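Now for the letters of each chain:
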Amino acid sequence: MSSRILKILRGLSLLAAVFAFGLVMFGAFVRLSNAGLSCPDWPTCYGQATWPQHAQAVAKADAAFPDRPYEAHKAWREQVHRFLAGTLGVLVLALALLASWRRRGAQLAIIVAAVFAAVGVGLYISGEHWWSSLLAACAIALPLLTAITLRRPGAWRISVLALAVIIFQAMLGMWTVTLLLKPVVVMGHLLGGMTTFALLAYAALRFAGIGAPDDRLGDLRRLVVIGVVLLFCQIALGGWTSANYAALACGYGPGSFPQCLGQWTPPTDFHQGFVLWRGIGVNYEGGVLDMAARSAIQIVHRLGALVVFCYLGWLSHRVARRGLRVFGLAIAVALVSQVLLGISNVYFGLPLAVATAHNGVAALLLFTLLATLARTRRRHDESMSLSLEPR
């Protein structure tokens, strides 16, 4: 029975990881096509479970939200994104329940968390925002505490932790709409999506048996962890750049790269460019910063990219020299592809396909680092650890 559960966990974690990657890509497509506020309410879209499709429904939607006229070609993107996120939530819930198999207390906590999350959404729709927030906080805390206290190998605990992260990610999605694309929330939503994907991908790798027979690669593991942290920081900078509409702050075409606006030292305002909180009630769609602040953000993003490129380029060589040539090559290919896509975004004026791919390859680069990290960790016999537990 234990081997059967492990086999299901392998398949389900892989499915969830692939689904999360697709959701990251689709979320980037929604954001970059300026559809983030195409449904002004949450989790419904103009009060409907799907989106208005008939003339009468469209007229009713426009009357209910006069400041946000209905745009069919954008609304379906946002609401489909929500449906996909809900589907991923169900997959992660199933994964967390399986990971807590034979632990009745842990399974009960996960079930209660799921109920709290569902009831919280209902309360939010009915206008009970305070109670909704309280239940959401409890829904996050329960699987988080369960993951910390669950006495099983890392992949099992990560599977439970992913449930806490995805519930918080749903709240970030809600705040993205209700706080009108507030940059710090939009950036957090991107990081939440990447974190969800990272957790599921790493769990899938460990369940698949990726690992080392001993701890000889322990020193390399520490270097890979540094690479993961640097990449997450750069992804955060990319999210901040996108959320503040600073991707083309240095212009596009000749003179936009490596220079900025045709200059090596253009006018910049680093202070205004990195103010995280500007109050509530401001609509950030289209951005609120002047060009000097946006240029500062773009320049910092480029400097961060240079640091990450140098470190991960060196790391890929180091990984290959330690006998993990496939992993080193994968890091190098993903890294070069990501840099080329970033330059193409600037030079060609942020084409939607290229910008969306830029987000996807960032996730793939993260995956190559996670795969390398898993390969440097000592392999655990997941099935044996489960079979030895008392029933």
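Small disclaimer: the values here were computed from a predicted structure and weren't measured.

A. Here's a closer look at the overall build of the protein chain. For the protein chain, the count of helices and strands is 13 helices and zero strands. In terms of overall size, the protein chain behaves like a compact globule, its C-alpha atoms giving a radius of gyration of 22 Å where 391 residues would be expected to give roughly 21 Å. A separation threshold of at least 6 residues defines the contact pool for the protein chain, and within that pool the share at least 24 residues apart is 79%. Looking at the protein chain as shown, the accessible area adds up to about 18,400 Å², and 68% of this sits on carbon and sulfur atoms.

B. Molecular detail of the state of the cysteines. Scanning all chains against the criterion turns up two disulfides. Each sulfur in the disulfide pair Cys39 and Cys45 lies 2.0 Å from the other. With the S-S bond torsion at -75 degrees, the cross-link from Cys39 to Cys45 turns out left-handed. Comparing Cys39 with Cys45, the two get one shared label, buried. Cys233 forms no disulfide, and the closest cysteine sulfur to it belongs to Cys310, at a distance of 16 Å. Of the residues examined, Cys310 reaches a relative accessible area of 46% and is grouped as partly exposed.

C. Structural view of the side chain of Thr146. Residue placement: Thr146 occurs in helix H5 (residues 129-149). What makes Thr146 buried here is its relative accessible area of 8%. A distance of 2.8 Å separates a polar side-chain atom of Thr146 from the backbone oxygen of Leu142. The residues touching Thr146, leaving out its near neighbours within four places in the chain, are Ala106, Ala109 and Val160.

Conventions adopted
Residues numbered from 1 in each chain as written. Predicted model: local features only at pLDDT ≥ 70, side-chain atom pairs only at ≥ 80, totals over all residues. Heavy atoms only, no water. Helix = DSSP H or I, 4+ residues; strand = E, 2+ residues; numbered from the N terminus. Rg over C-alpha atoms; globule rule 2.2 N^0.38 Å. Contact = heavy atoms within 4.5 Å. Areas by Shrake-Rupley, 256 points an atom, 1.4 Å probe, with all protein chains shown as cover. Disulfide = S-S within 2.5 Å. Buried < 20%, exposed > 50% of the residue type's maximum accessible area, 1.4 Å probe, protein only. Polar contact = N/O pair within 3.5 Å; in protein donor to acceptor, adjacent residues only side chain to side chain.

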